[in-house]
Every structure is written in structure tokens, then in C-alpha cells.
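The residues making up each chain are set out below.
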Amino acid sequence: MTAVVETPVINPVEPFLRMDRMPHIWCPGCGIGTTVNCFARALIESKADPEKLAVVSGIGCTGRVAGYLHVDSFHTTHGRAIPFATGLKLANPSLQVVVYSGDGDLFAIGGNHLIHAARRNIDLKVICVNNFIYAMTGGQTAPTTPEPATTTTAPYGSYEPAFNLPYLTESAGATYVARWTTYHVRQLTRSIVEMLQKKGFCLIEVLSPCPTLYQRRNRLGDALETMKYYKERSKTRHGAPTSEVGLTMQGDIVVGKFVDRDRPDYLESMRRRLAEQLGDKFAGVGVLA
Amino acid sequence: MAKGFVCIQVERCKGCGFCVEFCPTRVLALSSAFNSKGYHPPHVVNGEKCSGCDLCGIYCPDFAIFGWKARASEGAAHAG
Ligand SMILES: Cc1ncc(C[n+]2csc(CCOP(=O)(O)OP(=O)(O)O)c2C)c(N)n1
Ligand code: SF4
Ligand code: SF4
Ligand code: SF4
């Protein structure tokens with residue numbers, strides 16, 4: 001039998017990457033690239049219109065994602081991904097705006113923007129890569145660093161309580177909140193597809209290895225060790241109360257979809273209010289709408 | 001006859017081992033050879049077991065590997 005083996009010309013992620021910028025800067029075993037694979041496959045699965053998509057990142061190792069994606073993307077200043085994204089969304093409401101950034105960028109310097117975007121229910125789809133540390137700047141303590149992990153700014157171990165990101169984001173008003181790890185590639189991909197279909201403020205937290213700083217400094221082995229830890233200690237509990245999903249250092253990890261609810265998003269509330277008050281004088285919102 | 005195929009771009013690999021560990025049918029192993037950056041890339045040790053599921057592709061942080069399913073017209077085991 002003569003078989004013609006049709007090799008697909010390229011890796012399915014490649015159409016979504018700026019290949020001229022490869023190889024990327026991420027370390028061996030860094031989980032950020034794995035999340036990008038899931039994002040690309042979610043875009044394929046959801047048949048998202050690339051012309052209607054914008055990806056916004058802040059600064060950090062994760063912040064580099066915007067610069068590597070071959071879609072309209074915006075590499076903004078540290079902590080300000082959400083304000084830039086909010087501007088994009090309000091000026092052009094027909095855009096699907098994804099924010100892709102690190103835990104430090106989104107919850108430390110950018111934390112106030114995040115809670116207010118969630119409160120206002122701005123239609124933003126946030127992917128937060130949580131590696132428990134400020135990686136790009138050398139491994140300082142982040143609001144997500146679990147006690148008693150060692151960091152460059154906590155040489156004797158951190159003694160600060162860490163934020164529980166799903167709890168915080170739900171409390172602030174998000175309509176969709178999920179958590180996965182870089183081990184859960186299929187679930188993460190599905191979750192991104194689902195999030196892209198939602199309206200309102202959505203967040204997926206993705207736990208991801210930073211072997212160079214977090215794992216090495218805490219003698220937790222290499223990235224593969226961390227992936228095995230994610231596999232062994234993750235428990236899927238869809239709908240788990242977010243108050244119960246806080247993380248501890250190397251403890252059990254509750255993963256799943258925790259929040260999926262509907263409430264009017266910012267633009268809908270604005271339109272309704274202004275139409276009520278202004279009647280015929282209301283000209284619509286969004287410069288490019 | 002393999003149900004799927006896997007393509008490895010060895011020069012992109014940084015040797016993390018994710019693809020080897022999480023391939024459901026243990027198609028891959030890290031090679032003892034080095035690529036030009038000094039990493040050990042995976043190679044195919046059980047090509048006929050490849051289902052083309054592309055899990056290796058989804059895991060690979062360096063976009064260095066991917067799998068795809070054979071079409072009915074494809075027969076010969078081809079992996080690597
Ligand atoms: C205004 C400002 N303050 C501080 C910095 C330094 N800085 C750059 S990235 C970063 C933290 C990155 O951590 P995270 O967002 O968790 O991303 P990661 O690198 O871990 O992916 C900091 C503090 C900066 N670039 N700008
Ligand atoms: S320092 Fe950590 S987060 Fe940054 S690229 Fe390296 S492994 Fe990834
Ligand atoms: S495509 Fe699937 S079965 Fe084939 S090597 Fe990759 S992970 Fe293994
Ligand atoms: S997952 Fe990618 S980088 Fe890691 S060993 Fe396999 S091919 Fe190399």
C-alpha cells in the first residue's frame with residue numbers, strides 16, 4: 001500500500017504567533033508557553049474572528065505574551081493592562097478584549113484596576129498566569145506568594161497572608177471565575193472557550209511553574225516536578241465556594257469553574273441609564289461603535 | 001499501523017520533558033543527543049502507539065512538537 005502522509009505544514013499554534021520573534025525569552029519548563037498553546041487552541045475551537053480580537057498585557061514574563069501573539073495586541077505599562085483594555089472596549093464595544101498578564105501585574109500594582117473593572121462588570125476576559133512571584137524582576141514576594149515561601153525579598157520565608165484570587169475577584173463582582181494549572185491543558189482550553197462566550201468581567205487563574213525563581217529558590221525541583229505536583233494534588237470542584245479555594249504552599253489545589261453568573265455589563269448599564277435620561281438625544285456609546 | 005503522527009522540531013526544544021511525561025501512550029523519550037543549544041530533545045521510541053492526540057503539542061512551552069491524526073488514506077507509520 002502506498003500511503004501518502006500529509007504532514008500538516010505547521011504546529012497549530014504558529015498562525016497565532018509572531019514567528020519572527022521566536023525563540024521566546026521564557027526559561028526551559030516555564031509554563032507560560034503552555035498557556036499560550038491553550039489560548040491558541042481555544043481561539044481555533046471558538047472560531048473567534050481575529051479581526052475582532054485584541055490582547056492586552058502588562059509587564060512581566062507573562063506580559064511578554066502580547067508581544068508574541070500575532071493578533072492585535074497591546075503591551076502596556078506595569079499594572080495598567082486593565083485600564084488600557086477598558087479604554088479599548090469602551091471605544092470599540094464590538095471588540096473581544098482579552099487581558100493576559102501575571103499575578104503581580106494584575107493583583108499587586110494593578111489590583112485596584114482589577115477590582116473596579118470587576119465591580120463595573122466591564123466585558124474583559126482576563127487570563128492571569130500565577131507563578132506565585134514577581135518573576136521578571138528576579139523573584140520578589142508577590143501578593144500571591146504563599147507562606148512560608150522564600151523569595152528574594154523574603155530570605156527567611158514569607159509571613160504575609162496571600163490573596164485568594166478567585167475569592168477576591170468574585171467578591172468584586174466578576175461573572176465568570178475559574179482556576180486551572182498548566183497540567184490541565186484540555187480543561188483550560190475549554191474554559192477559555194467558555195469565557196470568550198460570556199459577557200462581563202471574567203477571570204481564569206492559571207497556576208504555572210517558574211522553575212528559575214520560585215521552584216529553584218524553594219528547592220521544589222524542576223518544572224516537571226511542579227507539573228507532577230499539580231497533577232497529584234489538584235482536586236476538581238466545580239462550583240466550590242471561592243472562600244474555600246485559597247492556596248497553601250505545596251498543598252491541595254482546588255481547580256474548576258467556581259463562578260458563572262449573569263448581570264448587566266458596564267456598557268449595557270450605561271446605555272440603559274443614558275437612554276432613559278436622554279431619550280432621543282442619546283447617540284450611543286463607543287467612538288467606533 | 002499508527003493512528004497519528006508526531007513532528008519534533010529539535011532545535012526549538014529546551015528539554016523540559018513535559019511531552020515525554022504526559023504522552024498518554026509513552027511514544028516519546030528524551031534523547032541522549034544534544035541540540036545546538038545543549039538540550040536533550042525528545043525522540044520517538046514507540047511510533048506505532050501515537051494516536052495523534054496532540055497533547056505533546058499543547059504541553060510544549062517552546063512550540064517544538066505537535067501531533068496530528070492520520071486520515072483514512074494514510075497508512076504507513078511515520079513518526080518523527
Ligand atoms: C511602574 C513599575 N513598577 C515596577 C516595575 C518592575 N516590574 C516589572 S515586571 C514586575 C512584576 C512582574 O510580576 P508578575 O506580574 O507576577 O509577572 P511574571 O513576571 O511573574 O510573569 C515588576 C515589579 C515596572 N516595570 N514598572
Ligand atoms: S523567570 Fe520564571 S516566569 Fe519568567 S520566564 Fe523564567 S521560568 Fe518563566
Ligand atoms: S500526539 Fe499524542 S500520542 Fe502522539 S506523541 Fe503526542 S502526546 Fe503522544
Ligand atoms: S515539551 Fe517541548 S521543550 Fe519540553 S522536552 Fe518536549 S519538545 Fe522539548
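What comes next is a walk through the structure. Quick caveat, the model's predicted, so the values are computed rather than measured.

Moving on to the site of ligand 3. Around ligand 3 there are 13 residues in total, and Cys 23, Cys 50, Cys 53, Asp 54 and Cys 56 of chain B lie nearest to it. Along the lines of polarity and charge, the residues of the shell around ligand 3 split into 8 nonpolar, 4 polar and 1 charged.

Attention now goes to the packing of aromatic side chains. For the structure on display, the rule yields 10 aromatic pairs over all chains. Consider the rings of Tyr 229 of chain A and Tyr 230 of chain A, whose centres lie 5.7 Å apart with planes at 45°: the pair is tilted. For Tyr 229 of chain A, a relative accessible area of 11% gives the class buried. Ring plane angle 45° and centroid distance 5.5 Å describe the contact between Phe 5 of chain B and Trp 68 of chain B, whose orientation is recorded as tilted. Here Trp 68 of chain B lies in strand 4 (residues 65-69) and Phe 5 of chain B lies in strand 1 (residues 4-8), a separation of 63 residues in the sequence. Comparing Phe 5 of chain B with Trp 68 of chain B shows no difference in burial state: the two are buried. Among the aromatic side chains, those forming a connected cluster through ring pairs are Tyr 183 of chain A together with Phe 22 and Tyr 59 of chain B.

What follows covers the nonpolar core. All names here are of chain A. By size, the foremost hydrophobic cluster in this structure holds 59 residues, and its most contacted members are Val 36, Phe 39, Ile 192 and Ile 204. Not counting chain neighbours up to four residues away, the residues in contact with Phe 39 comprise Val 55, Leu 69, Val 98, Tyr 100, Ile 127 and Ile 192. Counting 28 residues, the second-largest nonpolar core is a separate cluster that includes Val 97, Leu 106, Leu 124 and Phe 258.

The next point concerns unusual backbone geometry. Trans peptide bonds make up most of the peptide bonds, and negative phi angles are found at most residues other than glycine. All names here are of chain A. A cis amide bond links Met 22 with the next residue in sequence, Pro 23, at an omega value of 0°. For Pro 23, the location among the structural elements is in the segment before helix 1 (32-45). Here the bond from Glu 147 into Pro 148 is cis, since omega is -5°, no more than 30 degrees from zero. Topologically, Pro 148 is positioned in the loop between strand 6 (140-141) and helix 6 (165-172). Unlike most non-glycine residues, Lys 47 shows phi in positive territory, near 50°.

A separate point is the site of ligand 2. Around ligand 2, a shell composed of Trp 26, Cys 27, Cys 30, Cys 61, Asn 131, Ala 135, Cys 210, Pro 211, Thr 212 and Leu 213 of chain A is seen. Residue composition of the shell around ligand 2, by class: 8 nonpolar, 2 polar and no charged.

A word on the layout of surface pockets. Residue and element names in this part refer to chain A. In this model, the largest pocket occupies a volume close to 190 Å³. Together, 15 residues line the largest pocket, and Ile 59, Gly 60, Tyr 134, Ala 135 and Met 136 are the ones closest to its centre. Counting only elements with at least two residues in the lining of the largest pocket, the list comes to helix 4 (103-109) and strand 5 (133-134). The element that contributes the greatest number of residues to the lining of the largest pocket is helix 4, accounting for 3 residues. Across the lining of the largest pocket, the residue classes tally to 6 nonpolar, 7 polar and 2 charged.

Turning our eyes to something else, we now look at the interface of chain A and chain B. Facing the 36 residues of chain A at the interface are 29 residues of chain B. In total, chain A and chain B occlude about 2,700 Å² of area from one another, counting both sides; carbon and sulfur atoms represent 62% of this. Run the count over chain A and chain B and you get 3 salt bridges. A salt bridge links Arg 12 of chain B to Glu 14 of chain A, with the nearest nitrogen and oxygen atoms 2.8 Å apart. For the pair chain A and chain B, the number of links is 12 residue pairs in polar contact (both at pLDDT 80 or more). Counting residues per element, the ones that place at least two in the side of chain A that touches chain B are helix 1, helix 7 (185-197) and helix 9 (223-233) of chain A. For the side of chain A that touches chain B, the leading source of residues is helix 1 of chain A, giving 6 residues.

Here we come to the side chain of Asn 121 of chain A. Residues and elements named next belong to chain A. The topology assignment puts Asn 121 in the loop between helix 5 (111-120) and strand 4 (124-130). The exposure class of Asn 121 is buried, given its relative accessible area of 0%. For Asn 121, the side chain forms a polar contact with the main-chain nitrogen of Phe 201, separated by 2.7 Å. Excluding its chain neighbours within four sequence positions, the residues that come into contact with Asn 121 are Gly 173, Thr 175, Gly 200, Phe 201, Arg 263, Pro 264, Asp 265 and Tyr 266.

Calculation rules
- Residues numbered from 1 in each chain as written.
- Chains lettered and ligands numbered in written order.
- Predicted model: local features only at pLDDT ≥ 70, side-chain atom pairs only at ≥ 80, totals over all residues.
- Heavy atoms only, no water.
- Near = heavy atom within 4 Å.
- Nonpolar A, V, L, I, M, F, W, Y, C, P; charged D, E, K, R; others polar.
- Phe/Tyr/Trp six-rings, centres within 6.5 Å; stacked < 30°, edge-to-face > 60°.
- Buried < 20%, exposed > 50% of the residue type's maximum accessible area, 1.4 Å probe, protein only.
- Helix = DSSP H or I, 4+ residues; strand = E, 2+ residues; numbered from the N terminus.
- Core = buried A, V, L, I, M, F, W, Y, C linked by side-chain atoms within 4.5 Å.
- Contact = heavy atoms within 4.5 Å.
- 1 Å grid on protein atoms, 1.4 Å probe; cavity = no way out; pocket = protein on both sides within 12 Å on 5 of 7 lines; lining within 4 Å.
- Points joined across faces, edges and corners; volume = space filled by probe spheres on them.
- Buried area = accessible area lost by both parts, 1.4 Å probe.
- Salt bridge = Lys/Arg side-chain N within 4 Å of Asp/Glu carboxyl O.
- Polar contact = N/O pair within 3.5 Å; in protein donor to acceptor, adjacent residues only side chain to side chain.

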